[in-house]
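# Results of the structural survey
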Amino acid sequence: MKVIISSFFFLFTSLLLHAQNGHQLWLRDKKALPVHVICKQNSPTLTIARQELHDSWQGAPGATISLIIKKDRAVKVDGFKLNENVIQANTDKGILYGVYELLRNQQTGGKPKGGVDNPSYQFRILDHWDNPDGSIERGYAGNSIFWRKQDPFTVTDEDKKLWQEYARANASIGINGSVLNNVNASPMILTPDYLNRAKVIASLLRPYGVKIYLSVNFASPVSLGGFKTADPLDPAVMAWWKNKVKEIYSIIPDFGGFLVKASSEGQPGPQNYGRTHADGANMLADALNPFGGLVMWRAFVYSANNEDRAKQAYDEFMPLDGKFRDNVIIQVKNGPIDFQAREPFSPLFGAMKKTSVMPEFQVTQEYLGHAVYVVFLSTMWEECLQSDTYQQGKGSIVARCTDGSIFPQKNTAIAGVSNIGLDTNWCGNHFAQANWYAFGRLAWNDTLKSGQIADEWIKLTFYGDSSQKSGEADYTGDWTKNFLVPVKQMMIDSREAAVNFMTPLGLHHIMSANGHYGPGPWWAPKGIRPDWTPPYYHQASTNGIGFDRTKKGSDAISQYHEPLSSEFNNVATCPEKFLLWFHHLPWDYKMKDGRTLWDDLCYRYDTGVNQVREFQKIWDKAGPFVDSTRFMEVQRKLREQEINAVLWKDACLLYFQQFSRMPIPYDIERPV
Ligand code: GCW
C-alpha cells in the first residue's frame, strides 16, 4: 500500500514538476528580493512591469527603481534607456522591455549595456502556421494554442492563462507581433466567429505589447463573398477587402495587418488574374492603410518548369522594385530554396532598393529534425544576418540591408515561423525553447552573438534546478564548469553537426518526401514534379554531384553582387560549405585538404554522427544539474537523434556510392 501511495505521489509530483519546468520556459520562478518601484503613470502594461520587478528582483535588496515615460528623440519606438536605477522610455511598452532587460542581466550576471537600447527591427513577429481546426502545418509540439476542433469558439480560463503566458514569454524577449494562423490560409479565418476569438486573444496579448495579425487567403472574396473573381484590380473585389478590413478594425482596433502567401505553392493570387505581386499586395495595402495596417507579402515562389527554383523569387520580385506601397513589406526566407539546414542567403536581400524587405526564419525545425534533434538555430540565423551582400560595397550585411541601416526602409520587420504548440514544454523539445528565445533576441538586436544568447538561455532555463538560490547568481563554480560550458558548446556545434550528417558541402533538399525527416536522396516517383524530388537538387551521376549554378549552369550566381558573384562562380574561391550548392563536380575532385570529394563527403557524414555522440556524452553528465524529467527527456531525444544521424550517413553514402563507385574510407564506421 505504502509503495502504491508513494508511487502515486511520485507520479503526481513529477507531473506537476513537468508542467512547471516546461511551462516556465526561461522565466522561472525566483525567490525575489525586496525592491521599491516608483512609477507615476498607470497602464496595464506598467502594472505588469511593476509586478515583474517585484516578482523577480535579484539586485540589491531594498533598492529603488524609477520607471519614467518621457519623450526622448534618441529612443526609438519600443526602445528604452537603462541607467543605474532608472528605466526611461517613450511608451509603456518600452518600459516593459527595459524591465525584462534589467531582470535578465541580474539573473545572468550580464552587464546592462547602459544608455539607449533600441530594437533593430520595428516589427518582431512570430508566424504561426496554425489551422482553424487546431492542427499545425510543420508543427511538432502538439496542436495549436489558439485554435481547436472541438468547441472551437468557447474561451476557457485555461486558454486565457496560456495566451497570457505566451504573451509574457514573447514580451520578455521583445517579440511584438503574432500571426495567428497558417500562411496556407483558410478563408474561414475572416468570418465573425474566428475574428471574435482573435479579439479575445488580442486582448490577452495587448498588455504585453504583442499585436495580432492574420494570414489571409487571396481568394477570400470568392469563397466568402460569393464573387466570381478575386482580381485585385476589380473595383468590387477592392471594395470587399475594404469592408472586411473595416470590420476587422471594428472588432480589433489595433489589428496589425495581413500576412499573404499568394501565387505560391498552389495558393490563389494575383497571377491567377494576370496581375503582378505588386497589384495584389497594393490592393490589400490600400485597404489597410487608413488603419495603419501592414501587408507582409511573401516571396516564396517557385514553379514546376523553372530550370532553377533558387532563381525564381529574385526574377519575379526584382522588376517590381519601387512598385509597392509603403505599408507593404516583402517577406523573404533566409535562403533561396526552403529553410534547409544550410543555404547561402537569398539574393533578394540587398537587391531591391526601393522596397522594404524582411527576413523570414523558421523556428520550427521542419528540415532540422523536427522536435527530435537538439539544434540551436541561432548560429544559422547569425550566419545569414552577418552574410555580406555587397549591396553598397563591403559591410552590406543582410542585417543592415533589412534593419534600415543601409536604406531607410519605411518599415523594418523580421519574422520567425513558430515552433509552439500545446505540448507541456511548449516546443516539443526542451532545447527547441532556445530557438524561440534566440529568435526574439536577434530580432531585438541583430548584432548579438549566438554564444551570448546560448549563455543567457542556459542560465535562465537551468540555473537553480539543483539549488533554489536567491540573489545574484554565482556562475563561478561547478555548475559553470561542468554544465554551462559543455552544454553551451553542444548548442553552438549542434547546427553544424546536423549539416554534417544530413547535407554537408552545400547539398540540400535530399530529405525524405513530405515528412521532411530523415534521408531520401533517391525519392523520385514517376509523375511527380521534378522540383519536388531530391535528384533535381543533388544531380548525382557517375560524372559527379552538385547543382551547377555557375555561369555555365543556371547562372544563379549572377543574382549576387560582385565580388560575391565571382567568388561563388569560381570553384577555387567558392566556400566549401556551399560547394555543391553552386558547382557540379567529379567525385575525384581535389578538396582543399587534399582528399577527393568522395572521401571528404564520407568523412563529413561520419563527423556529424560522431558530433551527436559527443552531445550524448555531454548530456549524460548533466544529470546532477537538471531535474530528472528534463534530463531524461533530452537524453531520449539525443538517442533518437543519434539513430537518425546514422541513418542519414548510411543511406546517403550507400546511395551516392552507386554513382561514385569509390570505396568508403577504411576508418569510417561501416554502413549497415
Ligand atoms: O517549407 C515549405 C513547407 C510548407 C510551407 C511552405 C511555405 C506553409 O513544406 O509546409 O507551407 O514551405 O513556407 O509556404
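See above for the structure.
Residues numbered from 1 in each chain as written. Predicted model: local features only at pLDDT ≥ 70, side-chain atom pairs only at ≥ 80, totals over all residues. Heavy atoms only, no water.

### Here's the deal with the overall build of the protein chain
Broken down by element type, the protein chain carries 19 helices and 13 strands. Relative to the compact-globule value of 26 Å for 672 residues, the protein chain shows a C-alpha radius of gyration of 25 Å, a close match. Principal-axis analysis of the C-alpha atoms places the extent of the protein chain at approximately 70 × 70 × 55 Å. Here the protein chain holds 672 residues, and the buried ones make up 61% of them. Surface summary for the protein chain: the accessible area is close to 25600 Å², and the carbon and sulfur share equals 54%. Each charge sign in the protein chain was given a centre, from 71 positive and 70 negative side chains, and these centres are 3 Å apart. (Helix = DSSP H or I, 4+ residues; strand = E, 2+ residues; numbered from the N terminus. Rg over C-alpha atoms; globule rule 2.2 N^0.38 Å. Buried < 20%, exposed > 50% of the residue type's maximum accessible area, 1.4 Å probe, protein only. Areas by Shrake-Rupley, 256 points an atom, 1.4 Å probe, with all protein chains shown as cover. Lys, Arg positive; Asp, Glu negative; His and termini not counted. Charge placed at Lys NZ, Arg CZ, Asp CG, Glu CD.)

### Quick word on the sheet that holds strand β1 (residues 35-39)
The strand order β1-β2-β4-β3-β5 describes an open sheet built from 5 strands, whose pairing is mixed. In the strand order of this sheet, the two ends are held by β1 and β5 (115-117), each with one partner. Ignoring strand direction, the axes of neighbouring strands in this sheet form an average angle of 20°. Bridge count between strand β3 (residues 80-83) and strand β4 (residues 86-89): 3 bridges; the pairing is antiparallel. (Pairing = 2+ DSSP bridges. Axes fitted to C-alpha atoms, helices over the stretch in contact; angles between N-to-C directions.)

### Quick look at the environment of G515
Structurally, the position occupied by G515 is in the loop between α14 (478-502) and α15 (534-538). Judged by relative accessible area, which is 35%, G515 ranks as partly exposed. Those residues in contact with G515 that lie beyond four places of it in its chain are R138 and H370. (Contact = heavy atoms within 4.5 Å.)

### Some thoughts on the site of the ligand
Surrounding the ligand, one finds 15 residues, the nearest of these being E137, K261, R298, D338 and E366. In this structure, K261 approaches the ligand through a side-chain N or O atom, which is 2.6 Å from an oxygen atom. A distance of 2.6 Å separates an oxygen atom of the ligand from a polar atom in the side chain of D338. Using a 2 Å cut-off from the grid points, one finds that the ligand occupies the largest pocket. Grouping the constituent residues of the shell around the ligand by class yields 4 nonpolar, 3 polar and 8 charged. (Near = heavy atom within 4 Å. Polar contact = N/O pair within 3.5 Å; in protein donor to acceptor, adjacent residues only side chain to side chain. 1 Å grid on protein atoms, 1.4 Å probe; cavity = no way out; pocket = protein on both sides within 12 Å on 5 of 7 lines; lining within 4 Å. Sits in = over half its atoms within 2 Å of the grid points. Nonpolar A, V, L, I, M, F, W, Y, C, P; charged D, E, K, R; others polar.)

### What to know about unusual backbone geometry
The omega angle of the peptide bond from E562 to P563 is 5°, so this bond is cis rather than trans. Note on placement: P563 falls in the loop between α15 and α16 (564-569). For L25, which is not glycine, the phi torsion reads 50° and is therefore positive. The phi dihedral of R138 falls on the positive side, at around 60°, and the residue is not glycine. By secondary structure assignment, the location of R138 is in the loop between β6 (123-127) and α4 (157-172).

### Thoughts on the side chain of D531
Mapped onto the elements of the fold, D531 is located in the loop between α14 and α15. Within the structure, D531 has its side chain in polar contact with the side chain of R529 (distance 2.8 Å). If we skip the residues at most four places from it in the chain, D531 touches Y302, S303, A304, R309, Y536 and Y537.

### Brief notes about the pairing of β3
Taking every second residue as pointing to the same face, the buried face of β3 carries F80 and L82, while none of K81 and N83 on the other face is buried. Sheet topology note: the β3/β5 ladder contains 3 bridges and is antiparallel. By the bridge assignment for β5, F80 is matched with D117. Remark: 2 residues form the turn of the hairpin made by β3 and β4, two consecutive strands paired antiparallel; E84 in that turn has positive phi of roughly 40°.

### A look at helix α5 (residues 192-205)
With 14 residues, α5 ought to run about 20 Å at 1.5 Å a step, and its terminal C-alpha atoms sit 20 Å apart, in line with that. Among all positions of α5, only Y194, L195, R197, A198, I201, A202, L204 and L205 are buried. Buried residues belonging to α5 abut α4, β7 (177-179), β8 (211-216) and α7 (235-251). (Expected span 1.5 Å × (residues − 1).)

### Topic: the side chain of S378
Its place among the elements puts S378 in helix α10 (residues 378-385). A polar contact of 2.9 Å, which involves the side chain of S378, links it to the side chain of S450. Excluding its chain neighbours within four sequence positions, the residues that come into contact with S378 are N435, A438, L442, S450 and I453.

### Points about the pairing of β6
Among the 5 residues of β6, 5 are classified as buried, and the element is accordingly described as predominantly covered. Side chains F123, I125 and D127 project from β6 onto one buried face, and the interleaved R124 and L126 project onto a second face that is buried too. When β6 meets strand β13 (residues 413-417), the two strands line up parallel, connected through 5 bridges. The partner of D127 across the bridge, within β13, is V417.

### Brief notes about empty space enclosed by the protein
Applying the stated rule across the entire model yields 6 cavities of 30 Å³ or more. Roughly 130 Å³ of volume is contained in the largest cavity. Around the largest cavity, the lining comprises 14 residues; the ones closest to its centre are A299, F300, A313, G335 and P336. For the lining of the largest cavity, the element with the most residues is strand β11 (residues 328-333), which contributes 3 residues. Taken together, the residues that form the lining of the largest cavity break down as 9 nonpolar, 3 polar and 2 charged. (Points joined across faces, edges and corners; volume = space filled by probe spheres on them.)

### What about the layout of surface pockets?
Empty space within the largest pocket amounts to approximately 460 Å³. Lining of the largest pocket is provided by 28 residues; of these, R138, E265, Y302, Y367 and H516 occupy positions nearest its centre.

### Here we look at the packing of aromatic side chains
By convention here, two paired aromatic rings are described through the distance between centres and the angle between planes. For the structure shown, the criterion picks out 47 aromatic pairs. On the numbers, 5.0 Å between centres and 90° between planes, the contact of W240 with W241 is edge-to-face. Using a relative accessible area of 0% as the deciding quantity, one classes W241 as buried. Aromatic pair F431 and F462: ring centres 6.0 Å apart, planes at 35°, arrangement tilted. Here F462 lies in helix α13 (residues 450-462) and F431 lies in the loop between β13 and α12 (433-444), a separation of 31 residues in the sequence. Taking the relative accessible area as the measure of exposure, F431 reaches 3% and is therefore buried. The rings of F431, W457, F462, Y463, Y475, W479, F483, W619, F625 and F631 are connected pair by pair, giving a single aromatic cluster. Above the plane of the ring of Y97 lies R124, whose end atom (NZ or CZ) is 5.6 Å from the centre. One cation-aromatic arrangement involves R595 over Y603; the distance from NZ or CZ to the ring centre is 4.0 Å. (Phe/Tyr/Trp six-rings, centres within 6.5 Å; stacked < 30°, edge-to-face > 60°. Lys NZ or Arg CZ within 6 Å of the ring centre and 35° of its normal.)

### Focus on the packing of α10 against α12
Contact geometry of α10 with α12 gives a least axis separation of 9 Å together with a crossing angle of 25°. Considered as vectors, α10 and α12 are oriented roughly parallel to each other. The way α10 lies across α12 gives a crossing that is right-handed. Taking contact as the criterion, the partners of S378, W381 and L385 in α10 are, on α12, N435, A438, F439 and L442. In the contact of α10 with α12, the residues fall into 5 nonpolar, 2 polar and no charged. (Parallel < 35°, antiparallel > 145°, perpendicular 65-115°, else oblique. Left-handed = near helix turned anticlockwise from the far one by under 90°.)

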